[in-house]
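What the coordinates show
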Amino acid sequence: MSSENADQKPYHAFFFHTMDQQNSSHKLGMWAFLAQELLFFSGLFMAYIVMRYWYADTFTEVQERNLLSIPMGFVNTLVLLTSSLTMALAVREAQLIPVVENEESKKHRAKLIKLLLWTAGLACVFLVIKYFEYSHKIHVGTLPGTFYSFAEWPVFTGSDGTILGAIRPNGTIDVNSAPHIFFSLYFVITGTHGLHVVIGVGVILWLALRAKRGEFNSEYHAAVENVGLYWHLVDLIWIFVFPLMYLVA
Amino acid sequence: MNADATHDESNYLNATSGFKSWFWSVDHKRLGIMYLATILSFFLIGGSFAMLVRYELLDAAPTLSASNYNKAFTLHGAIMVFLVLVPAIPASLGNFLIPLMLGAKDVAFPKLNRLSFHIYLFGAFFFVTTLVLGGVDTGWTFYTPYSSKYGTNVITALSGAFILGFSSILTGLNFVVTIHKMRAPGMTWTKLPLFLWAMYATSLIQILATPVIAVTLVLLMVERFLGIGIFDPALGGDPVLFQHFFWFYSHPVVYVMILPAFGVISETVTIHSRKHIFGYTAIAASTLSIAAVGFLVWGHHMFLSGQSETMGAIFSFITFGVAVPTAIKVCSWIATLYKGKIRWNTVMMYTLGFLWIFTIGGLTGLPLATLSTDVHLHDTYFVVAHFHYTMMGGVLFALITGMYHWWPKMTGRMFSEKAGVPIAIFAFVAYNLTFIPQFIAGHRGMPRRYHEYLPQFEEMMQLSSIGSFLFGLSLFCVLFNLIHSLVKGEKAPANPWDGLSLEWETATPPIEHNFHDQPICTVGPYEFDDIDVKDRVAAK
């Protein structure tokens, strides 16, 4: 579908009167999308709240037993925060690319690509650390629900598959202790978040590719800003996940 | 009238041709038409299951096995809710009309719009797969622990609903941005046609409520696969939490269904009585307040779930609150008709039918919102009749109203009023014959979801079944009436109803990019001058 005005820029869609209208529409669309992202995660946080209300002691016991690696979580927090910084700087570079191609546009474009690659790289570091955390948990058996098989904090499973609660050293069953549910929450929440990180890496690399093709300039960079907004949200969610899971006691 | 109307040039229907030109089209008008066709096809499937259910209930003795009956009503409910009612008006009429009414050339994100449609088809594919695999029997509500442990083909059905959710979210997002950013010059928020106000509020609900059902369905799927123990009580989880999650979406979503219906009626009631809408601001404001309050009433589905009495009382109270803006709307529509020059045409017949049906649906909601009476009526046919009066009667009558009203604009053909009016009366009578007996049976204690029943309910159930078959027949008559118009109908003028909103200013059918020149909005959409200005002055 070509533009109806011959003097209209190729990136200016025919159904928008001005670039300003187009850009502000794109941004509003992204904010609406972020609203739905928040509501999506709110369901997970709500499940967390209810389960924590039911099994409050389990959450502290997880920490007393040191079952989540705080150093790894902390490093990941720093990694994500840094990636948010590089993303914000990337947005800035995109805003500075002059519309008319010249030396300056090349300079800013190169910086934009570099910062985007840094962001994607840091996101990958986050995922690698997450991989180590996950594989450790798979190894020791701190897994979700029915897959939970951690020997040091066993749960009692009935013959019909019912899980009644943790088995205490004196042989009693503690129905208020549910480590299998804690690790369900852990894997579901960090897994959903991790999936968002993976998608983030994808779209950031896509941006870098588009930047390399010379698509963005100071007039047209809503995509960079929008991915930036998305990335900050992913970061922000981690800022909540980290204390709620790792530091709660 | 615009010069567009007189041009004999290509329009959006014939500008390009071939399957691909439709399937890959980003034109909101073509997408609207494709949605409409797909939604109506699924309505036929969902309706067939309804007929099956009613056939089973013709007499007290069982014909179908209990499990087949469970599948029939589950598939009826799930298809109707997820594939038909949620997108019914927004995705079809909304898509077609929003840019036209705004005076814009397309929605803000045409490609995203196409993506929404393809996602819809993909989600529908999962529902069809569920059907092919032998159906699902959990009820459309997928209550745990039955759905997380037992049940049939739950995963494909859940995946379908999950995917359809994204279609719904993206459509809502698109419409919010479009209405915010793409209004014609001069179109202030107070000159926005009420249909657009309704679409705006609907879209907000779609954006804010749908992700919650998405995450709920994800948790349910993970529960089924891994046994994570969040919803399953046998593992230490909370099945009532599932109900909270489910209704946090599924109550607001009834407003996703009905608010667009309100929007359609707000347009037709004024155009076809040639009178300015009564209480424009009140209707717009009540639309938004229904959307907002709708988020706070989900607990009224759970009065008997074991939630605390205090919570029940609070939810009951807030639910009564929804009745206020709804009543404002109904009263405003009736006041609009008062002393209007009412055209007794097909569109008006369905509009009046909607007013009757929706008012009954609304009023019968009150005993269900009342704690003490709900204990008696919960899970009876009274509830079934109530939500069919609102959801099915309300939404379907409004959809048919809208289809007739905008049919000339969409297709360029006039339908037969001579056939349309009697069909409307037939549909209305058959509809009430179907569901009024259900109120009576339910009130006497007939429970829902049972495939056999005590002999004392036989009379009412038979009346209802006969009504439903007649109603099905009347809908085929509607379809025939509309299809007949495509073959034999007269060519429609650009503005057959003398409407003032911008969709009537362009050619019929509209040209590919809607308008040659940017239309400018100078008068409000309801400033009709048919009713003599002299009379109004004299009355003063």
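Residues numbered from 1 in each chain as written. Chains lettered and ligands numbered in written order. Predicted model: local features only at pLDDT ≥ 70, side-chain atom pairs only at ≥ 80, totals over all residues.

Right, let's talk about the overall build of chain A for a bit. The helix and strand tally for chain A stands at six helices and three strands. Going from the N terminus to the C terminus, chain A shows its helices and strands as α-α-α-α-β-β-β-α-α. The C-alpha atoms of chain A give 23 Å as radius of gyration, which overshoots the globular expectation for 249 residues (18 Å, by more than 25%). Overall size of chain A, expressed as C-alpha extent along the three principal axes, is 80 × 30 × 25 Å. For chain A, buried positions account for 36% of its 249 residues. If you take every contact in chain A between residues at least 6 apart in sequence, the share linking residues at least 24 apart comes to 70%. (Helix = DSSP H or I, 4+ residues; strand = E, 2+ residues; numbered from the N terminus. Rg over C-alpha atoms; globule rule 2.2 N^0.38 Å. Buried ≥ 20, exposed ≤ 12 C-beta atoms within 10 Å, placed from the backbone. Contact = placed C-beta atoms within 7 Å.)

Our focus in this paragraph is the overall build of chain B. Within chain B one finds 18 helices and zero strands. The principal-axis extents of the C-alpha atoms in chain B amount to approximately 70 × 50 × 45 Å. Looking at chain B as a whole, 56% of its 540 residues are labelled buried. When contacts within chain B are restricted to residue pairs at least 6 apart in sequence, those whose partners lie at least 24 apart make up 84%.

Residues and elements named next belong to chain B. Note the cis peptide between T144 and P145, where omega equals 0°. Tracing the backbone shows P145 in the loop between α4 (110-132) and α5 (146-149). The phi dihedral of D498 falls on the positive side, at around 55°, and the residue is not glycine. The class of D498 is partly exposed, set by 14 C-beta atoms lying within 10 Å.

With that out of the way, let us pick up the sheet that holds strand β1 (residues 155-157) of chain A. Residues and elements named next belong to chain A. One open sheet holds the three strands; their spatial order is β1-β2-β3, and the pairing between them is antiparallel. Two strands in the sheet have a free side with no partner beyond their single neighbour: β1 and β3 (173-174). In the sheet, strand β2 (residues 163-167) pairs with β3 via two bridges, with the strands oriented antiparallel. Pairing of A166 across the sheet is with D174, part of β3. (Pairing = 2+ DSSP bridges.)

On to the packing of helix α6 (residues 154-181) of chain B against helix α7 (residues 194-226) of chain B. All names here are of chain B. In contact at an axis separation of 7 Å, α6 and α7 are set at 155° when each is read in the N-to-C sense. By the angle between their directions, the pair α6 and α7 is classed as roughly antiparallel. The two elements α6 and α7 meet at a crossing, and its hand is left-handed. For the contact of α6 with α7, the class distribution of residues is 22 nonpolar, seven polar and one charged. (Axes fitted to C-alpha atoms, helices over the stretch in contact; angles between N-to-C directions. Parallel < 35°, antiparallel > 145°, perpendicular 65-115°, else oblique. Left-handed = near helix turned anticlockwise from the far one by under 90°. Nonpolar A, V, L, I, M, F, W, Y, C, P; charged D, E, K, R; others polar.)

Right, let's talk about the interface of chain B and chain A for a bit. Across the contact, 33 residues belong to chain B and 32 residues belong to chain A. For the side of chain B that touches chain A, the secondary structure elements donating two or more residues are α6, α7 and α8 (239-250) of chain B. For the side of chain B that touches chain A, the element with the highest residue contribution is α7 of chain B, accounting for eleven residues. A per-class count over the side of chain B that touches chain A returns 22 nonpolar, seven polar and four charged.

All names here are of chain B. Counting residues in each nonpolar core, the largest one holds 227 residues, and the members touching the most others are L196, M257 and V395. Top element by residues in this core is helix α3 (residues 66-102). It accounts for 23 residues. When residues no more than four places from it in sequence are discounted, the contact partners of M257 are L85, V86, A88, M391 and V395. (Core = buried A, V, L, I, M, F, W, Y, C linked by C-beta atoms within 7 Å.)

Turning to the packing of helix α15 (residues 381-411) of chain B against helix α17 (residues 458-488) of chain B, a few remarks are in order. Axes are the key here: two packed helices are described by the angle between their axes and the distance separating the axes. Residue and element names in this part refer to chain B. Following both chains from N to C, one finds α15 and α17 inclined at 10°, their axes separated by 11 Å at the closest point. Classed by the angle they form, the pair α15 and α17 counts as roughly parallel. On the side of α15, the interface is formed by I400, M403, W407 and T411, while α17 contributes V478, L482, S485 and L486. Taken together, the residues that form the contact of α15 with α17 break down as six nonpolar, two polar and no charged.

Further remarks concern the confidence of the model for chain B. One rule of thumb: low pLDDT means the predicted coordinates there are not for detailed reading. All names here are of chain B. For chain B, the mean per-residue pLDDT works out to 94, and 96% of the residues sit at or above 70. When the criterion is pLDDT under 50, residues 1-7 qualifies, and its contacts beyond four places in sequence or with other chains add up to eleven contacts. Scoring the predicted complex yields pTM 0.94 and, for the interface, ipTM 0.94. (pLDDT = per-residue confidence, 0-100.)

So, on to the pairing of β2 of chain A. Residues and elements named next belong to chain A. Sheet topology note: the β1/β2 ladder contains three bridges and is antiparallel. Counted as the bridge partner of V155 is A166 from β2. Hairpin remark: β1 followed by β2, antiparallel, with five residues in the connecting loop; positive phi at G161, about 90°. Following β2, the chain reverses through five residues before pairing antiparallel with β3; G171 in that reversal takes a positive phi of roughly 95°.

The next thing to look at is the environment of G32 of chain B. Residue and element names in this part refer to chain B. Turning to its location among the elements, G32 is positioned in helix α2 (residues 28-56). Classification of G32 by C-beta neighbours within 10 Å gives buried; the count is 26. Every residue in contact with G32, bar those within four places of it in the chain, is listed here: S92, L93, N95 and F96.

Residue and element names in this part refer to chain A. Mapped onto the secondary structure, V197 falls in helix α5 (residues 179-212). Sequence separation between V197 and L127 is 70 residues; the distance between their C-alpha atoms is 7.8 Å. With sequence-adjacent residues up to four places away left out, V197 is seen in contact with A123, F126, L127 and V234.

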